[in-house]
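Spelled out from the first residue to the last, the chains are:
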Amino acid sequence: MNEQDSHSFDPRTWISRSATAGASGRDCTNAIPPSKLPRARLDPKFIALACAIALGGAGLAVLNRPAIRPPTVNSPPAPPVQAMRASGRRTLMLADLSEIEPALGSSGLSGPDIEATSRQVRAAFGNVPGEIRLILDLESEGNQTRLLALEATRINGTGLLLHRLANGTLASQAFTGELTSRLSVVRGEIDSNSFYSSAVAAGVTDSLIGELANAFSFDFDMQREVAPGDIFEVAFEQSYNPSNEPVGVPRLVYVSLRTATMSRSLYRFTPPNEREAGWFDGNGSSTVRALMRTPVDSARISSQFGMRTHPILGYQKLHRGTDFAAPTGTPVFASGNATVEFAGPKGANGNFIRLHHDNGWQTLYLHLNRILPGVAPGSKVLQGQQIGEIGTTGRSTGPHLHYEVHIDGQPVDPLQIQMGEGKSLSGPALTAFHKQRDAIDTQRATAKY
Ligand SMILES: [Zn+2]
């Protein structure tokens, strides 16, 4: 199998698979640095930034909006519409609160009006970041513009209404918006291009695809074990504000993949008293194992564990690990939580890292181009954290990672380790999990595709 035939979850290969791996274009989703912890846990701030850049970096967009939206259950009464001389309405999207003064200024309001208005909005909203929609009712006479009413709404539907009283002061009223959450279910078949294109074609929001790959990182070698015709199903939740606009990022709650040899369905669940959600199979067993299937995405296995003729030394020798060939610079991840035992140049190993895992196993990473800052003896690394880059330092014939796993000090074939089942939920946690699993399954059963 060559790299072009295989299917990768590495964002670097999703867009233009014909290009040399690692050199393809980047978009809003795949601009997310692969070094984030763990492998595909995406930093929402970074996504927001990347998306803002993708949208042209416009912090302030003026939209024409015909009318203030009709009041919802929790909305305040509509502002009094008075007889106006020359009146008008503007709707502005602010990237955050810092843009309120320029926005009011660009609407023609005078200094004292801007000051009084922004003070009230700031007092109500505090310093919480995030987009704000501003609807202004304005009255103009000559070259004087006056604010009659203002509605400032956060993306979560909460907001503030200001309206001008007869005595000239601005009265304020806060309002809240109820968020509703809806589940979308998407099914598809892996096409001959890539998992990425298959998933996007099926309707999976592209920001979810890294997470989807992450959910399967213990069960499938996405590079070598997924092929055209394999079936996937994804369910994700999205919150909507009272105007039916999506709020926040969609959240993956269910993933399923069926290949020729294996089928896995996983549910996202946050066990009671734990902060992080994890992926569990239908019986409540965690997908998390001591080690990930591979420490590198999108690499070709160039040499397997076992006896072989050494490419440089020429004689038969036990190949103590697995070689993953990939371009110099390709990220190398810690395959499990560990303490760094060694990190630095070491003879024929080149730049070399040895990790000591919590269960006593060791993993070794050879010929690295670079070791990431902070990866030093005694430091802790997390499963999926980038620790280095593929290179060809030491005794090596080309860019590749030589990867070894040692159990009880003995090298074993990394691709043949039986990891067993992950930790299982029990007691009230299992009961809570079953409830959530059944709710998702019920919605999946009734979802329209
Ligand atoms: Zn090797």
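A brief structural summary. A quick note: this is a predicted structure, and the numbers were derived from the prediction, not measured.

**Side note on the overall build of the protein**
Item 1. For the protein, the count of helices and strands is 7 helices and 24 strands.
Item 2. Looking at the protein as a whole, 35% of its 449 residues are labelled buried.
Item 3. Here the contacts in the protein between residues at least 6 apart in sequence split such that 63% fall between residues at least 24 apart.

**Observations regarding the pairing of strand β22 (residues 386-389)**
Item 1. Two strands pair when backbone bridges link them, and strand β16 (residues 331-333) and β22 are joined in this way by 3 bridges, in the antiparallel orientation. The partner of V332 across the bridge, within β22, is G388.
Item 2. Both strand β20 (residues 370-371) and β22 contribute to a ladder of 2 bridges, which runs antiparallel. Paired with I371 across the bridge in β22 is G388.

**Remarks on helix α5 (residues 195-202)**
Item 1. Listing the buried residues of α5 in full gives F195, Y196, S198 and A199. All buried residues of α5 fall inside an arc of 165 degrees around its axis, so they share one side.
Item 2. A positive phi of about 110 degrees marks G203, the residue just after α5.

**Quick word on the sheet that holds β20**
Item 1. The antiparallel open sheet is built from 3 strands, whose spatial order is β16-β22-β20. Only two strands of the sheet have a single neighbouring strand rather than two, namely β16 and β20.

**With respect to the environment of A326**
Item 1. Mapped onto the secondary structure, A326 falls in the loop between β15 (322-325) and β16.
Item 2. For the pair A326 and I390, spaced 64 residues apart in the sequence, the C-alpha separation amounts to 7.0 Å.

**Some words on the nonpolar core**
Item 1. Membership of the largest hydrophobic core comes to 31 residues, with the highest contact counts inside it found for L212, V234 and V255.
Item 2. Mapped onto this core, the elements with two or more residues apiece are α5, α6 (209-215), β8 (231-240), β9 (246-258), β10 (263-269), β11 (278-281) and α7 (427-446).
Item 3. The element best represented in this core is β9, accounting for 5 residues.
Item 4. Once residues within four sequence positions are removed from consideration, V255 is found in contact with L212, A215, F216, V234 and L266.
Item 5. Listed in part, the 23 residues of the second largest apolar core include V332, A334, I353 and L355.

What counts and what doesn't
Residues numbered from 1 in each chain as written. Predicted model: local features only at pLDDT ≥ 70, side-chain atom pairs only at ≥ 80, totals over all residues. Helix = DSSP H or I, 4+ residues; strand = E, 2+ residues; numbered from the N terminus. Buried ≥ 20, exposed ≤ 12 C-beta atoms within 10 Å, placed from the backbone. Contact = placed C-beta atoms within 7 Å. Pairing = 2+ DSSP bridges. Arc of directions from axis to C-beta. Core = buried A, V, L, I, M, F, W, Y, C linked by C-beta atoms within 7 Å.

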